[in-house]
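Observations on chain architecture
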Protein chains: 2
Amino acid sequence: MLRRTRQREAVLSALLQSGRSLTPVEICELAQGDVPRLNLSTVYRQIKLLLEGDEVLRVDLPGQATRYEAAVCDADVGDGTHHHHHFHCEACDRVFPIHACPGAMDRLAPPGFRVAGHELTLHGQCADCVGAKNG
Amino acid sequence: MLRRTRQREAVLSALLQSGRSLTPVEICELAQGDVPRLNLSTVYRQIKLLLEGDEVLRVDLPGQATRYEAAVCDADVGDGTHHHHHFHCEACDRVFPIHACPGAMDRLAPPGFRVAGHELTLHGQCADCVGAKNG
DNA sequence: ATACTTGCAAAACATTTGCAGTGAG
DNA sequence: CTCACTGCAAATGTTTTGCAAGTAT
């Protein structure tokens, strides 16, 4: 059975409040705002529990450290689709959710292939980093 | 410039002969059949070079160690664009190149974001596996 | 001969685990 | 009171790097 602990709340809260995907280290640093002595091990243990409970999603971008995000992101569309994509900022290395989708990808696959789903990752610079560079 | 070395051959050869995705450790063990003193560091260095030359594909399955496979793209288009995407077959676990691209992704990013590029991964079942299942 | 490559060891980074102490139920 | 959870340190696993020696061109 699962206990309700401050650490658990802090981890989930960090994920929810950030509104984006976080690495375990980022989660730990954020959550330490609530629980200063929070340990990375505990973050990993909570992530594992939260994954099993489908409260967080694993975000695995090729070549990047594994990140996690709250399963119930902002305003959840009621249409049943959690579908979204990611933007990876090459400057600050943060990952943002993108609630848009070009759709109709199925045509791209070779004939005979059955497309079950897709992942799209944009990369470049986020608004913050574009701003920092130009101004 | 790139030199043609026994280690480079051995790494590529291991990938080609196995016919599947391998972890760096697996590659190293296999390639040591050709070059006994082959080192893991060298495998990683060769992988990096081979990735840049599009001779090898990275296969990143969530929760598993990163694997690599030979990018034996038959008929390679000579139109100057190396841009392509990937299809991951959930049945046979192979990765295929897709020489098509929906394009115009830049609109999907939030305002202020600068999009430098994108990666698209389709997943489902390849023609072989669809055929094997139905017939 | 030149300088890209290699092998080895050690560093850097990511994730897990043992264990004694803490705290939720 | 119990037992799951926590913090810390140390183990494990993955990938990168410094450097002297090796080798393709």
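Going by the structure above, here's the rest.
Notes on the structure follow. Keep in mind that what you see is a predicted model, and the values were worked out from it rather than measured.

Another aspect to go through is the nonpolar core. Ranked by internal contacts, the top residues of the largest apolar core, which has 26 residues, are Phe87 and Leu122 of chain A together with Phe87 and Leu122 of chain B. For this core, the elements supplying multiple residues, two or more each, are strand E3 (85–89), strand E4 (95–98) and strand E5 (114–125) of chain A together with strand E3 (85–89), strand E4 (95–98) and strand E5 (114–125) of chain B. Excluding its chain neighbours within four sequence positions, the residues that come into contact with Leu122 of chain B are Met105, Leu108, Ala109, Val115, Gly117 and His118 of chain A together with His86, Phe87, His88 and Ile98 of chain B.

This next bit is on the protein's contact with DNA strand C. As a matter of local geometry, DNA strand C sits amid 20 residues, with Arg3 and Tyr44 of chain A together with Arg3, Arg37 and Arg45 of chain B nearest to it. In the interface set of DNA strand C, defined as its atoms within 4 Å of the protein, sugar plus phosphate atoms amount to 62%. Within the side chain of Arg45 of chain A, one N or O atom sits 3.5 Å away from a base oxygen of DNA strand C. Within the side chain of Arg45 of chain B, an N or O atom sits 2.8 Å from a base nitrogen of DNA strand C. Sorting the residues of the surface near DNA strand C by element identifies helix H3 (40–52) of chain A together with helix H3 (40–52) of chain B as the ones contributing at least two each. Split into classes, the residues belonging to the surface near DNA strand C amount to five nonpolar, eight polar and seven charged.

As for its placement among the helices and strands, Gly103 of chain B is situated in the loop between E4 and E5. C-alpha of Gly103 of chain B to C-alpha of His118 of chain B: the two residues are 15 residues apart in sequence and 9.4 Å apart in space.

On to the protein's contact with DNA strand D, then. Lining the immediate environment of DNA strand D, one finds 21 residues, of which Arg3, Arg37, Thr42 and Arg45 of chain A together with Tyr44 of chain B sit closest. In the interface set of DNA strand D, defined as its atoms within 4 Å of the protein, sugar plus phosphate atoms amount to 62%. For DNA strand D, a phosphate oxygen lies 2.7 Å from a polar atom in the side chain of Thr42 of chain A. With respect to DNA strand D, the side chain of Thr66 of chain B contributes an N or O atom lying 3.5 Å from a phosphate oxygen. Per-element accounting of the surface near DNA strand D gives the leading share, five residues, to H3 of chain B. A class-by-class count of the residues in the surface near DNA strand D yields six nonpolar, eight polar and seven charged.

Mapped onto the elements of the fold, Gly33 of chain B is located in the loop between helix H2 (24–31) and H3. Taking the C-alpha atoms as reference, Gly33 of chain B lies 8.4 Å from Ala10 of chain B; in sequence the two are 23 residues apart.

Residues and elements named next belong to chain A. Both faces of E4 are covered, namely the face carrying Val95 and Pro97 and the face carrying Phe96 and Ile98. Pairing between E3 and E4: four bridges, direction antiparallel. Bridged to Phe87 within E4 is Phe96. In textbook terms, the turn of a hairpin is the stretch between consecutive antiparallel strands, and for E3 and E4 this stretch comprises five residues, one of which, Asp93, has a positive phi near 65°.

With 33 residues of chain B at the contact, the number on the chain A side is 34 residues. When chain B packs against chain A, close to 2700 Å² is buried across both sides, 66% of that on carbon and sulfur atoms. Taken as a group, Leu108, Phe113 and Glu119 of chain B account for 22% of the area that chain B buries against chain A, more than any other trio of residues on that side. Seen at the junction of chain B and chain A, the total is zero salt bridges. Applying the counting criterion to the chain B and chain A interface returns 12 residue pairs in polar contact (both at pLDDT 80 or more). Looking at the side of chain B that touches chain A, the element that brings in the most residues is E5 of chain B, giving 12 residues. Residue composition of the side of chain B that touches chain A, grouped by class: 20 nonpolar, eight polar and five charged. Note that E5 of chain A and E5 of chain B share 11 bridges and pair antiparallel. The partner of Leu122 of chain A across the bridge, within E5 of chain B, is His118 of chain B.

Definitions and limits used
Residues numbered from 1 in each chain as written. Chains lettered and ligands numbered in written order. Predicted model: local features only at pLDDT ≥ 70, side-chain atom pairs only at ≥ 80, totals over all residues. Heavy atoms only, no water. Core = buried A, V, L, I, M, F, W, Y, C linked by side-chain atoms within 4.5 Å. Buried < 20%, exposed > 50% of the residue type's maximum accessible area, 1.4 Å probe, protein only. Helix = DSSP H or I, 4+ residues; strand = E, 2+ residues; numbered from the N terminus. Contact = heavy atoms within 4.5 Å. Near = heavy atom within 4 Å. Polar contact = N/O pair within 3.5 Å; in protein donor to acceptor, adjacent residues only side chain to side chain. Nonpolar A, V, L, I, M, F, W, Y, C, P; charged D, E, K, R; others polar. Pairing = 2+ DSSP bridges. Buried area = accessible area lost by both parts, 1.4 Å probe. Salt bridge = Lys/Arg side-chain N within 4 Å of Asp/Glu carboxyl O.

Note that every value here comes from positions in space, so none of it alone points to a role or purpose.
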